[in-house]
Amino acid sequence: MKIHLLSGFLGSGKTTAVLQAARLLMKQGIPVGVITNDQGIKLVDAGLFSSQGIPGRQVGNGCFCCNYNQLEAQIQSLEQDSQPQVVFAESVGSCTDIVATVLKPLRMRRPNAAITISVFADIRLLHILLSNNQPVFDDAVNYIYFKQLEEAGIIIVNKTDLASEVQLQQVKQLMAERYRDKTIVYQNSLDEDSITHWLFLLNGQAAVTPASLDISYDIYGAGEAMLAWFDEELHLQSAAGNAARCAIELMRMIAERITSLELPIGHLKFLLNSREKISVTATAGLPESISFAESGQQATLLVNARVQTSPSALAAVMDDAIRQIRGLYNCEIKNYGRASFQPGFPTPVHRIAD
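A quick note: this is a predicted structure, and the numbers were derived from the prediction, not measured.

Trainee: How do you make sense of the side chain of Q74 when you look at a structure like this?
Mentor: Relative to the helices and strands, Q74 is located in helix α3 (residues 68-82). Here the side chain of Q74 touches Q58 through a polar contact of 3.0 Å, landing on its backbone oxygen. Aside from chain neighbours lying at most four places away, what touches Q74 is I35, R57, Q58 and V59.

Trainee: So what exactly am I meant to see when it comes to the nonpolar core here?
Mentor: Taken as a class, soluble globular proteins show a tendency for nonpolar side chains to be buried jointly. Within the largest apolar cluster, 54 residues are counted, with the highest numbers of intra-cluster contacts made by L5, I35, L106, L126, Y145 and L149. Counting residues per element, this core draws most heavily on helix α5 (residues 123-131), which supplies six residues. The contacts of L106, once residues within four sequence positions are left out, are I3, L5, Y68, L71, E72, I75 and I115. Formed by 35 residues, the second largest nonpolar core is a distinct cluster that contains I248, A255, L301 and A305.

Trainee: Is there a simple way to think about the packing of α5 against helix α7 (residues 165-178) in this case?
Mentor: Packed helices, taken two at a time, are described by the angle between their axes plus the distance between the axes. Running from N to C, α5 and α7 cross one another at 60°; their axes reach a closest spacing of 10 Å. Taken together, α5 and α7 sit at an angle that is classed as oblique. The interaxial crossing formed by α5 with α7 has left-handed handedness. On α7, the residues touching I123, L126, H127, L130 and S131 of α5 are Q167, L168, Q170, V171, L174, M175 and R178.

Trainee: What is the right way to look at the environment of P264 in this model?
Mentor: Mapped onto the fold, P264 is located in the loop between α10 (243-260) and β9 (265-272). Looking at P264, the relative accessible area reads 17%, which means it is buried. Each C-alpha atom of the pair P264 and L227 lies 9.2 Å from the other, and the pair is 37 residues apart in sequence. When near neighbours in sequence (up to four residues on either side) are disregarded, P264 contacts V136, F137, V307 and Q308.

What counts and what doesn't
Along each chain, residues carry numbers from 1 onward, in the same order as the chain's sequence is written. Per-residue local features are limited, in this predicted model, to residues with pLDDT of at least 70; the limit for side-chain atom pairs, both in listing and counting, is 80 or more; totals at the level of whole chains, interfaces and linings are taken over all residues. Side-chain numbers here rest on the full set of heavy atoms in the structure, without hydrogens or water. Each helix is a run of DSSP H or I of at least 4 residues and each strand a run of E of at least 2, with the numbering of both proceeding from the N terminus. Throughout this description, a polar contact denotes any pair of N or O atoms lying within 3.5 Å of each other; where both atoms belong to protein, one of them has to be capable of donating a hydrogen while the other can accept it, and for residues adjacent in sequence the pair is counted only when both atoms sit in side chains. Any pair of residues with heavy atoms lying within 4.5 Å of one another is described as a contacting pair. Residues belong to a common nonpolar core when they are buried Ala, Val, Leu, Ile, Met, Phe, Trp, Tyr or Cys residues joined through side-chain atoms within 4.5 Å. Note on classification: 1.4 Å probe, protein chains only; a residue is buried when its accessible area is under 20% of the maximum for its type, exposed when over 50%, partly exposed between these limits. Here, axes are lines fitted to C-alpha atoms. For helices the fit covers the stretch in contact, and angles between N-to-C directions go from 0 to 180 degrees. Roughly parallel refers to an angle under 35 degrees, roughly antiparallel to one over 145, roughly perpendicular to one between 65 and 115, and oblique to any angle outside these ranges. Two helices that cross are described as forming a left-handed crossing if the nearer one is turned anticlockwise from the farther one by less than a right angle, and a right-handed crossing if clockwise.

Take a look at the structure:
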């Protein structure tokens, strides 16, 4: 079995890459499985894979390293139910030190498995941070970002289709100077040729063991504590038959309010009616137009927000947006579960430093 670990900051496009890779492999008759990971338990990405018929599991309430035994259990569960030849395990975007805490323990427990790690980076955010053009996140959050790149076997500079030619060339130059010892791939994960090339490169990475990080867990933990997590499942009802439109306007209002308050967005994800995923990141707002297939009196919306602020401030933004949409569209919005918190201090189950 091949187990491909994915790391990289919030909003770097890991899920899109996994989704496209899983589709490609399944089309070739290769059984796959996906394990998603988050500090919370109501995950947009888990719902997305389920809606696409891709066998999946999730590790919640903490990162892979702090829930290593749960990760092992979910791999075994996939083996028993789906017998996948390839498993993609996508770590939460605020996590680092994956080599020492996940990859090396997995290789010890599964010596016959081919296990790799790829670290993803959104080219637009990477350009900003490498160029020092403007501050986006606190220094402790940036520490996590660059530690992720430091431990990479392969760095996937992702979303190249969204960068200008000038940005692309500048990033290539800066990356060549800073990470000359890394395999660096420039990728558009919506392009099948790019995904095919990435999967081909992974085949040669199983024998490569990146070095464990020299890392300060105090700074790492401080960076995670600066990020607020907010998850909420909402059901909308509209007598006018435009519940999906109300949900879209709610997404728009949430994104606009967070942006207007100048709160740095790690990732803001929505899952509309259990199948349509819409994302906002530090470098990309909500699409101007969002297509949706149906009208109707009911809609569901799952919200995952990861923002540099306090949990109470983020919850207040959500409450205000819901209140405004109720008034503007005369719709009913019911809450079927909410969690608002900061990640706990990272405490890995295993850590192999050598």
